[in-house]
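# Breakdown of the fold
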Amino acid sequence: MNTGALGLAVGATLLSGMAAADGLWPHKDAGSRDLLKADDAFRLLAAEREGRALKVSWDIAPGYYLYRKRISVEALAPEGARVDAPELPRGERIEDEYQGSAEIYHGSLQAVLHWPGASAAPQRLRVSYQGCAEAGVCYPPQTRLIDVIDLSH
Amino acid sequence: MRSILLIVVACLIAVAAGYGFYRYAHHAPAVASEPLPAGLQFSGLDGHPHHLEEWRGKLLLVNFWATWCTPCLHEIPQLVKMQKQYAARGLQIVGPAVDDEDAVRSMQGPLGINYPVLSGTPDAMIDIMEKLGNGPGGLPFSILVSPDGQIVQRQLGEFTPAQLTQLIEAHLPAAAS
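Residues numbered from 1 in each chain as written. Chains lettered and ligands numbered in written order. Predicted model: local features only at pLDDT ≥ 70, side-chain atom pairs only at ≥ 80, totals over all residues. Heavy atoms only, no water.

This part covers the sheet that holds strand β6 (residues 92-96) of chain A. Residues and elements named next belong to chain A. If you trace the five strands from one edge of the open sheet to the other, you get β6-β7-β4-β10-β11, paired in antiparallel fashion. Strand pairing shows two members of the sheet lacking a second neighbour, β6 and β11 (137-138), which therefore form its edges. Pairing of strand β4 (residues 64-67) with strand β10 (residues 131-133) involves three bridges; the strand directions are antiparallel. Across the sheet, residue Tyr-65 finds its bridge partner in β10, namely Cys-132. (Pairing = 2+ DSSP bridges. Helix = DSSP H or I, 4+ residues; strand = E, 2+ residues; numbered from the N terminus.)

Right, let's get into the environment of Ala102(A). Residues and elements named next belong to chain A. Looking at the element boundaries, Ala-102 is found in strand β7 (residues 100-105). Here the alpha-carbon distance between Ala-102 and Glu-92, two residues 10 residues apart in the chain, equals 8.1 Å. Here Ala-102 is in contact with Tyr-67, Lys-69, Glu-92, Arg-93 and Ile-94, once residues within four sequence places are set aside. (Contact = heavy atoms within 4.5 Å.)

Our next topic: helix α3 (residues 101-111) of chain B. Residues and elements named next belong to chain B. For α3, the complete set of buried residues consists of Val-104, Met-107 and Leu-111. The arc enclosing the buried residues of α3, seen along the axis, measures out at 75°, which places them on a common side. Opposite its buried face, α3 presents the exposed residues Asp-102 and Gly-109, each directed more than 90 degrees away. Taken together, the buried residues of α3 touch α2 (70-86) and β6 (117-119). Where α3 begins, the capping side chain belongs to Asp-100, and its oxygen is found 3.2 Å from the backbone nitrogen of Asp-102. (Buried < 20%, exposed > 50% of the residue type's maximum accessible area, 1.4 Å probe, protein only. Arc of directions from axis to C-beta. Polar contact = N/O pair within 3.5 Å; in protein donor to acceptor, adjacent residues only side chain to side chain.)

Let's shift gears to the sheet that holds strand β8 (residues 108-113) of chain A. Where strands meet in a sheet, backbone hydrogen bonds hold them as pairs that are either parallel or antiparallel. All names here are of chain A. Here we have six strands laid out as an open sheet, ordered β5-β9-β12-β2-β3-β8, and mixed in their pairing. Here the strands that pair on one side only, and so sit at the sheet edges, are β5 (72-77) and β8. Strand-to-strand twist in this sheet, taken as the mean axis angle between neighbours without regard to direction, amounts to 25°. Looking at chain direction, strand β9 (residues 124-129) and strand β12 (residues 142-150) are connected through six bridges and run antiparallel. Within the sheet, the bridge partner assigned to Arg-124 lies in β12 and is Asp-147. (Axes fitted to C-alpha atoms, helices over the stretch in contact; angles between N-to-C directions.)

Further remarks concern unusual backbone geometry. Here the amide bond leading from Ala77(A) into Pro78(A) is cis, since omega sits at 0°, within 30 degrees of zero. In this model, Leu139(B) is joined to Pro140(B) through a cis peptide bond whose omega is 0°. Within the fold, Pro140(B) resides in the loop between α4 (122-131) and β7 (141-145).

For the rest of this paragraph, the subject is empty space enclosed by the protein. All names here are of chain B. Inspection of the entire model under this criterion finds two cavities of 30 Å³ or more. Approximately 50 Å³ is the volume found for the largest cavity. Considering the residues around the largest cavity, the lining is formed by Leu-36, Leu-52, Glu-53, Trp-55, Arg-56, Lys-58, Leu-60, Val-145, Ser-146, Pro-147 and Gly-149. Residues of the lining of the largest cavity, tallied by class, amount to six nonpolar, two polar and three charged. (1 Å grid on protein atoms, 1.4 Å probe; cavity = no way out; pocket = protein on both sides within 12 Å on 5 of 7 lines; lining within 4 Å. Points joined across faces, edges and corners; volume = space filled by probe spheres on them. Nonpolar A, V, L, I, M, F, W, Y, C, P; charged D, E, K, R; others polar.)

All names here are of chain A. Throughout the structure, instances matching the rule amount to 11 salt bridges over all chains. Between Arg-49 and Asp-150 there is a salt bridge whose closest N-O contact spans 2.7 Å. With a gap of 101 residues between them, Arg-49 in strand β2 (residues 42-50) and Asp-150 in strand β12 connect regions that are remote in the sequence. When the shortest N-O distance is used, the salt bridge between Asp-147 and Arg-124 registers 2.7 Å. Taken together, the residues span a long stretch of sequence, with Asp-147 in strand β12 and Arg-124 in strand β9 at a distance of 23 residues. (Salt bridge = Lys/Arg side-chain N within 4 Å of Asp/Glu carboxyl O.)

The final tally for this structure, using the stated rule, is two disulfides over all chains. Disulfide pairing is shown between Cys132(A) and Cys138(A); the S-S distance is 2.1 Å. One quick way to see it: the torsion about the S-S bond of Cys132(A) and Cys138(A) is about 95°, and its sign makes the bridge right-handed. A relative accessible area of 1% places Cys138(A) in the buried class. Put simply, Cys69(B) and Cys72(B) are joined by a disulfide, and their sulfur atoms are 2.1 Å apart. With the S-S dihedral at roughly 80°, the linkage between Cys69(B) and Cys72(B) falls on the right-handed side. Owing to a relative accessible area of 0%, Cys69(B) belongs among the buried residues under this scheme. Classification of Cys72(B) by relative accessible area gives buried; the value is 0%. (Disulfide = S-S within 2.5 Å.)

Let's shift gears to the side chain of Thr70(B). Mapping Thr70(B) onto the fold places it in helix α2. Not counting residues up to four positions away in its chain, the partners in contact with Thr70(B) are Tyr67(A), Asp96(A), Gln99(A) and Cys138(A).

This next bit is on the packing of aromatic side chains. All names here are of chain B. In this structure the tally under the stated criterion is seven aromatic pairs over all chains. Measuring from centroid to centroid gives 6.2 Å for Phe-42 and Phe-64, while their planes differ by 50°, and the two rings are tilted. One end of the pair, Phe-42, is in strand β2 (residues 41-44); the other, Phe-64, is in strand β4 (residues 59-64), with 22 residues separating them in the sequence. You'll find Phe-42 and Phe-64 in the same group, each marked buried. (Phe/Tyr/Trp six-rings, centres within 6.5 Å; stacked < 30°, edge-to-face > 60°.)

Below you can see the structure in the form of structure tokens.
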């Protein structure tokens, strides 16, 4: 028998036992240590205007996702400005016994918006979104106010 | 063949030893816990204001949840089971909802919630959760409060059924024989 291999196997299984116990026994402050703050999990990067289109972008941290149906954008300025519903890419479909069918996004996300012809180009937006961590924690709906960067000039 | 058998036995003993050592090391008397902050006020779906102090004397599990929170909805049936199983021994679960009251009312029945559901504006609830140690504001978020008003456990994310049972059993008086 290879003594070294035996020692390695025993050591690995000893650690496995401890790891199993760790998973079954809750830490006193379980879960909060590793969860990102919402602004780090779902980084709202920018709202940019190019021509007649607005692009709102997010950088979603690995292990986190946004819900398609929870994304909304509203124009706040100038007065009377409006935006149409955001155009979003196809997301990943998930099924849940409580929430039914939903689309989610990982990684980078960009929403494209247009505004009615008679409306002034939006300069400030209210962007709302909601998402969760794959680890099984969900964040309350987030709302941020963001100025539009005009790339047309 | 005999060598392989010896290795397998040695590994099984090692797994058990590792598991047992970990449980021993973490079964020490509770480390210093902290008092529940005073004055945390909620509304109830019953229309009355509530403070967590009104459940002093019970082992109180405060579970923050929302109807849009899938892990919360997965966890609640287990909480309902625990409330039913351990109420007579002094467990009281309360469920502050970080959500619109109408949405909460619509889910209360289908989920079979058998404990008080509390409410408040989302901003107020997030503020309360931050005071209770949930800086990121994620859900589900639970705290376990001893009968004398000390926070003895926090949990961000779902409990597994095994974790929940072990936690409650560890803090309730032993069942009468």
